[in-house]
Amino acid sequence: MHLPLQHTTRFRVRFNETDPLGIVWHGHYVTYFEDGREAFGEAFGISYRHIQNNGFLAPVVKCTCEYKSPLRHGDWATVETTFIDSPAAKMIFRYTIHDDSKRIIATGETIQVFTDTNGELMLTNPRFFEDWKTQQGLL
């Protein structure tokens, strides 16, 4: 069994991300997930740029978020991004956001599918993705 493909990104909450209650507005957690996903892609060679350079797009078709504890302006936190392998033509990522005391702030998941540049859904894994999975020891 292989280790999960995982990447951790540290960030600091900016003032403009908080609401009048002084806590991070709920919609910003999706941005934190995206920041983690983009950092994962750069680290593992499966970035949006890599996907586009191979003639495909990878739109998000599902996003979930469970809020456990609030973040506030100035807080430091990390988003841990984990790739969940699937035989289907999609990419699944799970996220856990922790504050510096390791308290779980939020968890979530996104699902992305592959389309060609005209938006046509790919029902099988594109060749470049199969090659990437092989390079990562997933196939």
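Computed from a prediction, not measured in an experiment: that's the story for all the values here.

About the cut-offs
Residues numbered from 1 in each chain as written. Predicted model: local features only at pLDDT ≥ 70, side-chain atom pairs only at ≥ 80, totals over all residues. Heavy atoms only, no water. Helix = DSSP H or I, 4+ residues; strand = E, 2+ residues; numbered from the N terminus. Buried < 20%, exposed > 50% of the residue type's maximum accessible area, 1.4 Å probe, protein only. Contact = heavy atoms within 4.5 Å. Lys, Arg positive; Asp, Glu negative; His and termini not counted. Charge placed at Lys NZ, Arg CZ, Asp CG, Glu CD. Phe/Tyr/Trp six-rings, centres within 6.5 Å; stacked < 30°, edge-to-face > 60°. Core = buried A, V, L, I, M, F, W, Y, C linked by side-chain atoms within 4.5 Å.

Right, let's talk about the overall build of the protein chain for a bit. A count of helical and extended segments in the protein chain gives 3 helices and 7 strands. If you list the helices and strands of the protein chain from N to C, you get β-α-α-β-β-β-β-β-β-α. Dimensions of the protein chain along its principal axes, counting C-alpha atoms only, are 45 × 35 × 20 Å. By the burial criterion, 40% of the 139 residues in the protein chain qualify as buried. A sequence separation of at least 24 residues applies to 66% of the contacts in the protein chain between residues at least 6 apart. Charged side chains of the protein chain number 14 positive and 17 negative; the gap between the two group centres comes to 4 Å.

For the rest of this paragraph, the subject is the packing of aromatic side chains. All told, the structure shown has 15 aromatic pairs when counted by the stated rule. For the ring pair F83 and F129, a centre distance of 6.3 Å and an interplane angle of 70° mean the geometry is edge-to-face. Of this pair, F83 sits in strand β4 (residues 76–84) while F129 sits in helix α3 (residues 127–135), and the two are 46 residues apart along the sequence. By relative accessible area, which is 5% here, F83 ends up buried. Plain terms: the ring middles of F114 and F128 are 5.9 Å apart, the flat faces sit at 90° to each other, and that makes the pair edge-to-face. On the criterion of sequence distance, the pair formed by F114 in the loop between β6 (104–113) and β7 (115–116) and F128 in helix α3 is long-range, its members being 14 residues apart.

On to the nonpolar core, then. The biggest cluster of nonpolar side chains holds 27 residues, and the ones touching the most others in it are L71, F83, M91 and I97. Sorting the residues of this core by element identifies α1 (28–44), β4, β5 (90–99), β6 and α3 as the ones contributing at least two each. Residues in contact with F83, not counting those within four places in the same chain, are L5, F40, M91, I92, F93, F129, W132 and L138.

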